[in-house]
Amino acid sequence: MAVSSLWNRGSLIKPLIVALITSTLITFYIFSTSRLLLQHPPHQTWNHNLDSSAKLRVFVVDRHNKPKQDDESVTLLLANTSSSLPFPQPFPFAKAHLQQYTHQLEKLVRNNDVLHDKDLFKKEYKEMNKSLKIFVYPHKKHDPFANVLLPVDHEPTGNYASESYFKKALYKSHFITNDPKEADLFYLPFSIASLRNDKRVGVGGIQDFVKKYVVEISEKYPYWNRSGGADHFYVACHSVGRSAMEKAIHVKLNSIQVVCSSSYYLSGYVPHKDASIPQIWPRKGATTINGPSLRKKLAFFAGAMNSRVRENLVETWKNDSEIIVHRGRMKTPYSEALLGSKYCIHAKGFEINTARVSDAIYYGCVPVILADHYDLPFADILNWKSFSVIVSSLDIPKLKQILEEIEYDHYVKLQQNVMQVQKHFQWNSFSKDFDVFYMIMYELWIRRSHLRQIY
C-alpha cells in the first residue's frame, strides 16, 4: 500500500513539474518579445485605418521601390482595420537584396533584347566553353550497330537532321574527354532516327534496343549506376523518340532528354530537367532577306491537315486575302511565301514541333507560335517574346486582329530581332560560336550535376 501511495503521488507531481516549466518558458518568451518591440522609437509606430484614403497613400511605392513618405521605414498592410503597432527596423542586407531583386525583375519585364540576360549568358557561356567535359560511350566501326551509335560520314539532310548534326559536331569538338573522371555528363549515342530506319530494329524494336543498351553499359561501366543516369543524356528529334524510353523508364525520368518534341502536355517530358531543341531543315549559307517594307502579305501557313489546330486555322482563314493558308504542299516555291510575309505561322501538327519555326527564322519572317504547351527551344536563353508572337489555339478566330494590332514599329523591331537569332538556329559543317550546337551545349551545361562522384 505504501508503495502504491508513493507511486500515485509521483504520478501527480510529474505533470505539475512539466506544467511549471512550460509556464516559465512561455512567460520568458512573452517578456523577451515585449522588450524587443518596445526598443524601437515611437516614430516607427504605424496607425492604419482602411477607411482613410489618406492613410492608404502611405503604401504607394514609387518606381525605385521606396515608400513615398518615409524612405527608412518598411510599411506593411495588416488585415485588421485599426491598429497601432511598432515595426522593427529591417536588416540592412535584406533591404539591399530586395532592391537588387526588384531591379532585376524590372529589367526582365522591360527586356526587349533577344537574350533574357546578356551579361549572365556571356559569362556562363565562356565558362561552359572552357570547362564542360562529356564522355561518350566508346564504339568501334565494326560494331554491328555502328550506323546507329557512331557519327554518319555524309552531310545530314532531312527533317530530323539535328540528331546526326549534333553527334558529328560533338565528336569533333573540344568538349569530348576520354577520362570519365573529369566528365560532367555522359552521352548515350544511339540515334532514334537511325534505329527507325534500320530494318533490324524499326519503330517496333526501338524500345527493346534502348533498354538493352542501357543494361549493357550499366553492367560494363560504373557511371550509370552511381547516379541512376541523372548525369546522362541522349538527343532525339524524330517524333517516335517520345515513346522510345517506355521500356527504360529510368532513362525518361532520370536522364536529360534533349528533344525536339518538347511539350508540357507529355508526361515523359520534364521541363528544366530536359531540354528543347529546334527541328531544323539544313540549308547551306545565308539567303537574301526581304526587309519589312517588301513583305506584302500579313501571314502565311502551309502544311498537312494532321491536327485540329491546323484544320481550324485553315477553315477559319481559307478565304482571307491577307492571311494565306494552304492545305498540303504549295505549287509555288515555299521560300517565296516565307520571304513575302510579315508573319509565318507555326501550327501544331501531329507533334508540337515542326521545322516551320526554323524555316521562318531562316527567311527573316516573324514566327507566330500556334502550339499550346510548347516548351520553346532554348527558352532558358532566348527571350521569345522579343522576336515572335505566341498565340493560344483558342484565339485562332482573332488571329488577324491580334497581328494587325501590332504597331509597325514594333513589327520592325521583331523582324530585326529575328535576324539576330538566326545564328542560333543554324547547323554548320564546322561548328561556330553561338550556333545551334553551342546553344545545345549551353543547355546541357546549365543542367549538369554540381555533385561529382569520387571513385
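Cut-offs and rules
- Residues numbered from 1 in each chain as written.
- Predicted model: local features only at pLDDT ≥ 70, side-chain atom pairs only at ≥ 80, totals over all residues.
- Heavy atoms only, no water.
- Helix = DSSP H or I, 4+ residues; strand = E, 2+ residues; numbered from the N terminus.
- Contact = heavy atoms within 4.5 Å.
- Areas by Shrake-Rupley, 256 points an atom, 1.4 Å probe, with all protein chains shown as cover.
- Buried < 20%, exposed > 50% of the residue type's maximum accessible area, 1.4 Å probe, protein only.
- Pairing = 2+ DSSP bridges.
- Expected span 1.5 Å × (residues − 1).
- Bend = angle between axes of the 7 residues up to and from the residue.
- Disulfide = S-S within 2.5 Å.
- Patch = residues over 30% accessible without salt bridge, like charges linked within 9 Å, V, L, I, M, F, W, Y side chains within 5 Å.
- Salt bridge = Lys/Arg side-chain N within 4 Å of Asp/Glu carboxyl O.
- 1 Å grid on protein atoms, 1.4 Å probe; cavity = no way out; pocket = protein on both sides within 12 Å on 5 of 7 lines; lining within 4 Å.
- Points joined across faces, edges and corners; volume = space filled by probe spheres on them.
- Nonpolar A, V, L, I, M, F, W, Y, C, P; charged D, E, K, R; others polar.
- Right-handed = clockwise from strand over helix to strand, strands pointing away.
- Axes fitted to C-alpha atoms, helices over the stretch in contact; angles between N-to-C directions.
- Parallel < 35°, antiparallel > 145°, perpendicular 65-115°, else oblique.
- Phe/Tyr/Trp six-rings, centres within 6.5 Å; stacked < 30°, edge-to-face > 60°.
- Lys NZ or Arg CZ within 6 Å of the ring centre and 35° of its normal.

Visitor: Is there a simple way to think about the overall build of the protein in this case?
Guide: A count of helices and strands for the protein gives 16 helices and 12 strands. Partitioning the contacts of the protein with sequence separation of at least 6, the portion at a separation of at least 24 is 69%. With an accessible surface of roughly 25,600 Å², the protein has 58% of that area assigned to carbon and sulfur atoms.

Visitor: Would you mind showing me how to read the pairing of strand S10 (residues 341-347) here?
Guide: A regular strand places its side chains so that they alternate between the two faces of the sheet. For S10, the buried fraction is high: 7 of the 7 residues fall into the buried class. Looking at chain direction, strand S8 (residues 297-303) and S10 are connected through 3 bridges and run parallel. Residue pairing across strands places phenylalanine 300 opposite cysteine 344, the latter belonging to S10. Pairing geometry for S10 and strand S11 (residues 366-370), over 5 bridges, is parallel. Note that in S11 the partner of cysteine 344 across the bridge is proline 367.

Visitor: Teacher, can you tell me more about helix H8 (residues 202-220) here?
Guide: For an α-helix, 3.6 residues make a turn, and residues three or four places apart therefore share a direction. Over its 19 residues, H8 extends 26 Å from the first C-alpha to the last, a length consistent with the 27 Å expected when each residue adds 1.5 Å. Of all bends in H8, the biggest is about 25 degrees, found at aspartate 208. Three or more residues of H8 are buried, namely Gly202, Gly205, Ile206, Phe209, Val210, Tyr213, Val214, Ile217 and Ser218. Those residues of H8 hidden inside the fold are in contact with helix H5 (146-149), helix H7 (192-197), helix H9 (223-227) and helix H10 (249-254).

Visitor: Where do I start with the state of the cysteines in this structure?
Guide: Covalent bonding between the sulfur atoms of two cysteines is what defines a disulfide. Inspection of every chain in the model, using the stated rule, returns 2 disulfides. Once the disulfide-bonded cysteines of the protein are ranked by sequence position, their pairing pattern turns out to be 1-2, 3-4.

Visitor: Help me understand a nonpolar patch on the surface in this model?
Guide: On the surface, Ile17, Ile21 and Leu25 cluster together to form a nonpolar patch covering roughly 300 Å² of accessible area. You can see isoleucine 21 is positioned in helix H1 (residues 2-38).

Visitor: Help me understand the layout of surface pockets in this model?
Guide: Over the atoms rolls a probe the size of a water molecule, and in doing so it shows where empty space is left. In this model, the largest pocket occupies a volume close to 760 Å³. Lining the largest pocket we find 27 residues, and of these Asn159, Ala302, Gly303, Arg329 and Arg356 sit closest to its centre. Among the elements of the structure, S8 and helix H13 (356-362) are those that each provide at least two residues to the lining of the largest pocket. When grouped by side-chain class, the residues that make up the lining of the largest pocket number 9 nonpolar, 12 polar and 6 charged. Its volume calculated, the second largest pocket comes out at about 400 Å³. Considering the residues around the second largest pocket, the lining is formed by 17 residues, among which His139, Lys140, Leu150, Pro151 and Tyr171 are closest to the centre. Of all the secondary-structure elements, those providing two or more residues to the lining of the second largest pocket are strand S3 (134-136) and H5. Its residues assigned to classes, the lining of the second largest pocket comprises 10 nonpolar, 4 polar and 3 charged.

Visitor: Is there a simple way to think about the sheet that holds strand S9 (residues 323-327) in this case?
Guide: The strands that make up a sheet are held in pairs by hydrogen bonds between backbone atoms, and each pair lies either parallel or antiparallel. Across the sheet, 5 strands lie side by side as S9-S8-S10-S11-S12; this open sheet has parallel pairing. Each end of this open sheet is capped by a strand with a single partner; those strands are S9 and strand S12 (389-390). Two elements, S11 and S12, share 2 bridges in a ladder whose sense is parallel. Counterpart to isoleucine 369 in the pairing with S12 is isoleucine 390.

Visitor: In this structure, what is going on with the pairing of strand S5 (residues 232-236)? I would like to understand it.
Guide: Summarising burial for S5: 5 of the 5 residues are buried, a large majority. Residues of S5 alternate between two faces, with His232, Tyr234 and Ala236 on one and Phe233 and Val235 on the opposite face, all of them buried. Taken together, the 4 bridges between S5 and strand S6 (residues 256-259) define a ladder with parallel strand orientation. Opposite phenylalanine 233, over in S6, you have isoleucine 256 as the bridge partner. Read as a crossover between parallel neighbours, the route from S5 over H10 to S6 is right-handed.

Visitor: Would you mind showing me how to read the packing of helix H6 (residues 161-171) against helix H16 (residues 436-445) here?
Guide: To describe two helices that pack against each other, one gives the angle between their axes and the distance between the axes. One can describe the packing of H6 onto H16 by two numbers: an axis separation of 10 Å at closest approach and a directional angle of 80 degrees. Here H16 runs roughly perpendicular to H6, going by the angle between their axes. Between H6 and H16, the residues in contact are Phe166, Ala169 and Leu170 and Phe437, Ile440, Met441 and Leu444, respectively. Looking at the contact of H6 with H16 residue by residue, the classes come out as 7 nonpolar, no polar and no charged.

Visitor: Mind showing me how you'd approach the packing of aromatic side chains here?
Guide: Counted by the stated rule, this structure contains 30 aromatic pairs. Where phenylalanine 175 meets tyrosine 438, the ring centres are 5.9 Å apart and the plane angle is 65 degrees; that geometry is what we call edge-to-face. Pair noted here: phenylalanine 175 is in the loop between H6 and strand S4 (185-187) and tyrosine 438 is in helix H16, with a separation of 263 residues, a long-range link. Judged by relative accessible area, tyrosine 438 falls into the buried class, the value being 10%. Within the aromatic cluster, the residues linked to one another by ring pairs are Phe121, Tyr125, Phe166, Phe175, Tyr187, Phe233, Phe434, Phe437, Tyr438 and Tyr442. Taking NZ or CZ as reference, lysine 172 lies 4.6 Å from the ring centre of phenylalanine 430, over its face.

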